[in-house]
Structure formats: C-alpha cells, structure tokens
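Here are the chains, one letter per residue:
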Amino acid sequence: MSIQYEEPALARNYGVVDSFPKDFGYGVEEPDIEEESTTSGDSKPRILLMGLRRSGKSSIQKVVFHKMSPNETLFLESTNKIYKDDISSSSFVNFQIWDFPGQVDFFDPTFDYEMIFRGTGALIFVIDAQDDYVEALGRLHLTVSRAYRVNPEINFEVFIHKVDGLSDDHKIETQRDVHQRANDDLADASLEKLHLSFYLTSIYDHSIFEAFSKVVQKLIPQLPTLENLVNIFISNSGIEKAFLFDVVSKIYIATDSSPVDMQSYELCCDMIDVVIDVSCIYGLREDGNGSAYDKESLAIIKLNNTTILYLKEVTKFLALVCILREESFEKKGLIDYNFHCFRKAIQEVFEVGSLTQRTGRLQPSSSNNSLSSVKIGVLNGSAV
Ligand SMILES: Nc1nc2c(ncn2[C@@H]2O[C@H](COP(=O)(O)OP(=O)(O)OP(=O)(O)O)[C@@H](O)[C@H]2O)c(=O)[nH]1
C-alpha cells in the first residue's frame with residue numbers, strides 16, 4: 001500500500017478573525033515527507049493524530065488550529081492522505097500535526113512507521129465514545145505498542161472523544177472502562193512502563209482545547225520555569241488565576257499551580273475572542289492595515305460579580321489572561337509593574353524567533369531559565 005501526503009491547501013481560515021495578520025496564524029509550506037526523512041534530525045517535533053475512521057481526528061485539528069466552527073465539521077470529507085499541518089503558532093510552540101486517515105494500515109511493510117514514530121513528540125489516539133469502542137481499543141494497543149518499541153519517549157495521549165452525547169455518569173464510566181481495558185492489554189503484553197494519559201473531549205465545548213493544552217505543555221521543557229514565573233507574578237499581584245495563552249489556538253501553555261477549573265478557562269477563552277473581535281472591527285487602521293493583536297493589546301473587563309478579567313500582550317503570539325477581585329485591582333500600578341517584569345522574564349526564557357528543537361521536544365536555541373533576574377514588586381501593594 002502506498003501512502004500519499006497532502007499539504008494544507010488553504011488552511012488559514014480564521015472565520016470571524018479574518019483580519020489577523022498573515023504571519024499571525026499557522027502554517028508554512030512543509031517539504032515532502034520523503035525529503036524530511038533524510039533530514040529528520042532537524043525536522044519539527046510531531047504530534048500524530050490517529051484513530052479509527054470517523055473518530056473525529058480532522059475535526060479536532062480544524063477546530064483547534066483553524067477556527068472551524070464545530071458544526072462545519074459535519075461536512076468534512078474522510079481523510080485519505082496523511083495531512084501535515086505546520087503549527088508555527090508562537091516562538092516556542094512550534095510543531096507539526098499529522099492527521100492520519102482512519103483506514104491507514106500502519107503495519108503494511110511499505111509504510112515507514114519507524115521514521116514517523118522516531119520524530120514524534122506525542123501520539124494522540126482518538127476514540128469515538130459514542131460508538132462501540134472494542135475495535136478502537138485493539139487498534140490503540142497495536143499502535144502504541146509498535147510506536148513505543150521504536151520511540152519510548154513518545155507521550156501517549158488517548159482522547160475519549162465526542163463525549164458531548166454522554167451523560168456525566170456515562171462519561172465517567174466510559175473513561176474508567178477504556179482506562180481499565182487499555183491498561184489490561186498493555187499488562188498482558190508486558191508493557192506496563194508504557195504510560196497512557198486519558199482525556200474526555202468534545203469539539204462542542206472547551207474540553208478539546210484544554211486537552212490539547214496539556215498535550216502541548218508536556219512538549220515544552222521550560223514548563224516548570226514558565227509556571228514558576230506565573231506563580232511569582234500572581235502571588236505578588238493579588239491575582240487569583242492566570243493563563244499564558246497562545247492567542248490564535250487558545251491553547252494555554254502555562255498556568256499557575258492552583259487547579260484549573262473549566263469555568264475559569266472558558267471565561268478567559270471567551271475574553272480572547274471578544275478582544276480579538278472588537279479589535280478586528282474597531283482596532284485596525286482605516287486602510288485596513290495593522291494587526292488585531294500587537295504590543296498595545298490590553299483589555300480589562302469588569303464582570304458584575306466583582307471579578308475583573310485582565311488581558312495583556314506578552315509576545316507576538318502570547319497573552320496573559322488573569323482573573324482577579326475588584327479590590328486587588330486597586331493596586332493597578334503594582335500589577336502593571338509586575339507584569340512588565342514578568343514579560344521581560346518570559347522574553348528572556350524564549351528568545352523570540354530563535355527556536356530549534358531536538359529529540360522531539362520544543363527547545364529554544366538560547367534560553368535563560370534562571371529566575372534570578374526576575375524582580376517583582378511586593379511592597380504592601382505599592383508599586384516599586
Ligand atoms: N458529536 C460530536 N461529533 C463529532 C465530534 N468531533 C467530530 N465529530 C463528528 O464526527 C464526524 C467525523 O469527523 P472527522 O473529523 O471527519 O473524523 P476523522 O477521524 O478525521 O475521519 P477519517 O478522515 O475518515 O479518518 C464528523 O461528522 C464530525 O462532525 C465531537 O466532539 N462530538
């Protein structure tokens with residue numbers, strides 16, 4: 001069987017945010033896979049999307065990275081080629097997503113799975129939870145065991161998908177059952193060391209963005225540094241929760257160490273949508289030029305429950321979105337000063353535009369992971 005590879009034809013569909021600058025989005029033409037295999041040492045880390053036909057792989061990719069509305073996915077045609085999508089979303093989230101057709105036989109001798117798995121950072125296996133998943137579990141086992149033998153460093157992620165059709169009890173029961181059976185299969189094959197992570201996902205809510213955020217975070221070696229920086233920033237600024245967002249995809253690449261609740265995450269995602277929409281309509285220059293998101297991007301929204309949402313640009317692709325109480329916002333000068341220090345530290349950690357990656361992980365070519373240069377003002381609420 002010969003496998004064909006397809007480049008994204010016109011994948012830059014931002015829907016309502018059409019006026020994002022061209023270089024704001026995702027996707028650069030990639031060389032053919034054959035070419036890449038010869039230079040696999042410096043190819044971008046890959047996230048593979050695998051699973052049975054119609055499990056929802058293409059929908060996930062389109063909704064998360066191309067702003068397709070969930071309803072539009074009803075009209076997606078079946079994928080019959082490997083579809084490579086280059087996600088150059090920010091200076092440090094820099095990877096390719098490969099969407100595999102459901103009917104691909106990975107174990108066909110003509111299929112160079114060794115090359116594919118060798119350069120892979122994460123393998124996402126999508127299981128349709130609304131369907132009978134026995135066959136999917138068999139395929140999951142075959143796929144991950146083969147991939148693990150080639151590259152034990154891969155993160156194996158299982159999306160129990162389309163859970164929008166399931167009641168809460170049914171969701172939990174399905175997750176427990178899938179978890180149990182998949183791990184039993186691994187134990188039978190003496191592959192206990194192979195770790196699978198499970199997520200309940202749907203394109204009809206924010207769960208797919210949250211799951212993807214966690215998958216991507218595992219590929220960022222600087223994650224502990226980023227989390228530390230967010231922690232230092234919020235604890236010295238009276239902020240309750242903060243997310244460092246990739247603005248286009250709404251994936252959060254880091255947050256503070258308090259637990260993430262879906263409502264806060266959704267609120268922050270909605271804020272990004274509002275800010276970008278308003279900016280697209282009213283923020284561009286009269287000649288239509290300019291960017292909907294730039295160095296000046298800043299928004300403060302007061303909710304009717306004494307909560308404040310605060311969004312500010314960090315880098316060309318990243319925004320910090322914070323949730324805080326109204327009384328903490330009285331120390332706005334302190335927050336602004338601390339934010340200034342935070343932004344500087346982030347920029348030092350990731351020298352903009354100078355990313356290289358090795359071993360399937362995302363790496364900056366030059367980074368300063370030291371927190372020693374971070375100065376944060378904490379003088380009883382007054383800015384320093
Ligand atoms: N209810 C529900 N339907 C979904 C969800 N995600 C995808 N779908 C639907 O599932 C169907 C198949 O989606 P695709 O994305 O084409 O599936 P695929 O896995 O890429 O399929 P192949 O290309 O054949 O391998 C579409 O009709 C989608 O609208 C979801 O979260 N919930």
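An unreviewed UniProt entry annotates the chain as Ras-related GTP-binding protein originating from Oncorhynchus mykiss. The UniProt entry for the chain carries this comment under Sequence similarities (unreviewed entry): "Belongs to the GTR/RAG GTP-binding protein family." Per its UniProt entry, the chain bears the Catalytic activity (unreviewed entry) comment "GTP + H2O = GDP + phosphate + H(+)".

Undergrad: Pulling in residues and values, what's your account of the packing of aromatic side chains?
TA: Going through the model one piece at a time under the given rule, you end up with 14 aromatic pairs. A centroid spacing of 5.1 Å and a plane angle of 85 degrees characterise the contact between Phe 65 and Phe 212, whose relative ring orientation is edge-to-face. With Phe 65 in helix H2 (residues 57–66) and Phe 212 in helix H6 (residues 207–217), the pair connects residues that are 147 residues apart, well separated along the chain. Comparing Phe 65 with Phe 212 shows no difference in burial state: the two are buried. With 5.8 Å between their ring centres and 10 degrees between their planes, Phe 245 and Tyr 265 make a pair best called stacked. Residue Phe 245 is found in strand E8 (residues 239–246), and its partner Tyr 265 is found in helix H8 (residues 262–283); the two are separated by 20 residues along the sequence. Here the two residues Phe 245 and Tyr 265 agree in accessibility, since each one is buried. These aromatic residues form a ring-pair network of at least three members: Phe 65, Phe 159, Tyr 199 and Phe 212. Here the guanidinium or amino end of Lys 241 rests over the ring plane of Phe 243, the centre of that ring lying 5.5 Å away. Over the ring of Phe 209 we find Lys 250, and its NZ or CZ is 5.5 Å from the ring centre.

Undergrad: Can you lay out the pattern of salt bridges for me, pointing to particular residues and giving the numbers?
TA: Once the charged atoms of two side chains with opposite charge are near each other, the side chains can pair. Counted under the stated rule, the structure contains 12 salt bridges. Residues Arg 118 and Glu 114 are paired through a salt bridge, measuring 3.6 Å at the closest nitrogen-oxygen approach. Of this pair, Arg 118 and Glu 114 both sit in helix H3 (residues 113–118), four residues apart, which is roughly one turn of that helix. The partner of Lys 214 in a salt bridge is Glu 210, with the nearest N and O atoms 3.3 Å apart. Taken together, the residues span about one helical turn, with Lys 214 and Glu 210 both in helix H6 at a distance of four residues. By relative accessible area, which is 13% here, Glu 210 ends up buried.

Calculation criteria
- All residue numbers refer to positions counted from 1 along the written sequence of the respective chain.
- Where local features are concerned, this predicted model is filtered to residues with pLDDT of at least 70; where side-chain atom pairs are given and counted, the filter is 80 or more; whole-chain, interface and lining totals use all residues.
- As a convention, hydrogens and water are excluded, and side-chain values are obtained from all of the structure's heavy atoms.
- UniProt positions are given in the numbering used here, feature names are shortened, and annotations may be inferred rather than shown by experiment.
- Each Phe, Tyr or Trp ring, with Trp reduced to its six-membered ring, pairs with another whose centre is within 6.5 Å; inter-plane angles below 30 degrees give stacked pairs, above 60 give edge-to-face pairs, and intermediate values give tilted ones.
- Numbering goes from the N terminus for both helices and strands, where a helix is a DSSP run of H or I of at least four residues and a strand is a run of E of at least two.
- Only protein chains enter the calculation, and the probe is 1.4 Å; a residue is then buried if its accessible area is under 20% of its type maximum, exposed if over 50%, and partly exposed in between.
- A ring is scored as having a charge over it whenever the NZ atom of a lysine or the CZ atom of an arginine sits within 6 Å of its centre and within 35 degrees of its normal.
- Here a salt bridge means any side-chain nitrogen of Lys or Arg lying within 4 Å of a carboxyl oxygen belonging to Asp or Glu.

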